[in-house]
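Fold and geometry: a report
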Amino acid sequence: MKTLISPSPPSSSSSSTSLLSLRKARGLSPFLITLLAFIVFVVTLYGEDFTCLLGQLDFYSQDDVAPAGPSPRGGGTERKKKREEAAFAVGKRPEGCDYFSGRWVWDESTRPLYQESECPYIQPQLTCQERGRPDKDYQFWRWQPHGCDLPSFNATLMLETLRGKRMMYVGDSLNRGQFTSMVCLLHRLIPSSSAKSMQTSGSLTVFTAKDYNATVEFYWAPFLLESNSDDAVVHRISDRVVRRGSINVHGRHWKGADVVVFNTYLWWMTGLTMKVLQGGSFDGEEKEVVEVTTEDAYGMAMRSMMRWARKNMDPRTTRVFFTSMSPTHGKNCYNETAPINNATYWGSDSRRSIMRVIGEEFGKSKYPVTFLNITQLSNYRKDAHTSIYKKQWNPLTAEQLADPASYADCVHWCLPGLQDTWNELLFAKLFYP
């Protein structure tokens, strides 16, 4: 593994001597002396940052950070070689293969990847069979990319790769579902209950594979930034507010992770605008709150996430992923038992404007964040939601019981199910970038 070594900054005494020599040089103008002095000062102060940034600029090709489908290939042999050197890579995807463009195919031979009853870590909001769902069809659909195959999920490879390391999912309840899916995919390789554990403390939930000294973690931060909805249990607040420039409030808990999977989308969808706290406290009487478009606020969060990753993650030894928006289907998922068979379908609840913001911000960033574009393929899966087959935290009214579609959850997903595919895609991009 190559280590990036920054040049040592020149000492103040050597800098002074150099400038003194410059002053003695014949014909050197005062303006040029001032300019050279400024350059020496900047290199002295920021030399390490410049070296780190220049190393990151060329580490991955733009293919790895562009979210909007397959990018044109190119960049020469040297860039391809660098792309193959991504952390944890064991191979590369076939040329021209877009894992996110494909179709759903029925597969009883390899699906589901585990049984609901075999994984004790699934939250009661996602155990659809236990809650009375009469069919299992949603468990037997496999994602098939056009023109290539998705690598089979290899739990042994994943656990061995995570030996002595931390993998962390950061975001909202949808990312918690993907985290739970990953735990279910891995825990079967650890038969002894004493060799694994799951613990929750505040915003952090940690699954530990003790023999591997490995953890798979979930951190609740629905906006990534600090917000008035950060309580991991009590967070149903309609008037949501985020604090500008507050990524480190949560980010200090993410430091040291080797693989980080971010998501944030659903909690921003409260309207066309978002409140941003610029001064004071969330509960204080004296505070400065501005209202901006949801797209502007979301872009602010994306830039903060990118800055945090650049400052805290080394692209030579760690990986950062971002999962795109998980689609909802309004109240139209009740009694749905098959995927939507329309390749051009795009759900009305999925805001294209947010996808454009992601594309713009990722396109400007040179830090290598790998984009998991699960939106379109999940849009087809109206059948995979938990619907009414979940634990209800509040008693249902007579009106609701008379009209099940009125309380169907068309946001979250049954496990096993769709989110296992999200982790198959994560596996593919982690090991075959």
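That block above? That's the structure.
Residues numbered from 1 in each chain as written. Predicted model: local features only at pLDDT ≥ 70, side-chain atom pairs only at ≥ 80, totals over all residues. Heavy atoms only, no water.

1. Examining the packing of aromatic side chains
Put simply, the test is: In this scheme Phe, Tyr and Trp rings, the latter by its six-membered ring, pair at centre separations within 6.5 Å, and the angle between planes marks the pair as stacked below 30 degrees, edge-to-face above 60, and tilted otherwise. Put simply, DSSP marks the helices as runs of H or I at least four residues long and the strands as runs of E at least two long, and each gets a number from the N terminus on. Burial status follows relative accessibility: with a 1.4 Å probe on protein chains alone, a residue under 20% of its type maximum counts as buried, one over 50% as exposed, and anything between as partly exposed. In this scheme, the term charge over a ring applies when either NZ of a lysine or CZ of an arginine sits within 6 Å of the ring centre and within 35 degrees of the ring normal.
As enumerated under the stated definition, the model contains 20 aromatic pairs in all. Aromatic side chains Tyr121 and Phe207 sit 5.5 Å apart centroid to centroid with 75° between the ring planes, which places their arrangement in the edge-to-face category. Here the residue Tyr121 occupies a position in the loop between strand S1 (102–106) and strand S2 (141–145), and Phe207 occupies one in strand S5 (residues 204–209), the gap between them amounting to 86 residues. Its relative accessible area of 18% is what places Tyr121 among the buried residues. Geometrically, the ring pair formed by Phe223 and Trp268 is edge-to-face, given 4.9 Å between the ring centres and 85° between the ring planes. On the criterion of sequence distance, the pair formed by Phe223 in the loop between strand S6 (214–220) and strand S7 (241–243) and Trp268 in the loop between strand S8 (259–262) and strand S9 (273–279) is long-range, its members being 45 residues apart. Arg352 extends its terminal NZ or CZ atom over the ring of Trp346, reaching a point 4.4 Å from the ring centre. Of note, Arg381 hangs over the ring of Trp104, and the distance from its end group to the ring centre comes to 4.6 Å.

2. As for helix H11 (residues 418–431)
What counts, and what does not: Multiplying 1.5 Å by the helix residue count minus one yields the expected span of that helix.
Taking 1.5 Å of rise per residue, the 14 residues of H11 would be expected to cover 20 Å, and the 21 Å separating its terminal C-alpha atoms lies within 8% of that figure. With 14 of 14 residues buried, H11 is to be regarded as a mostly interior element.

3. Side note on the sheet that holds S5
We apply this condition: At least two DSSP bridges between two strands are needed for those strands to be called paired. For helices, the axis comes from a line fit to the C-alpha atoms of the stretch in contact; other axes are also lines fit to C-alpha atoms, and the angle between any two N-to-C directions lies between 0 and 180 degrees. When checking whether two residues touch, look at their non-hydrogen atoms; a contact exists if any pair is within 4.5 Å.
As summarised here, the arrangement of the seven strands in space is S4-S5-S6-S3-S8-S11-S12, forming an open sheet in which the pairing is mixed. Where the open sheet ends on each side, the last strands, each with one partner, are strand S4 (196–201) and strand S12 (369–372). Put simply, the sheet's adjacent strands are angled 15° from each other on average, direction ignored. With six bridges joining them, S5 and S6 adopt antiparallel strand pairing. Bridging across to S6, Thr205 finds its partner in Phe218. Sitting on the sheet, helix H5 (residues 173–187) is in contact with strand S3 (166–171), S4, S5, S6, S8, strand S11 (319–323) and S12, with an inclination near 165° to S6. The strands touched by H11 are S3, S8, S11 and S12; relative to S11, the strand with the most contacts, the crossing angle is about 145°.

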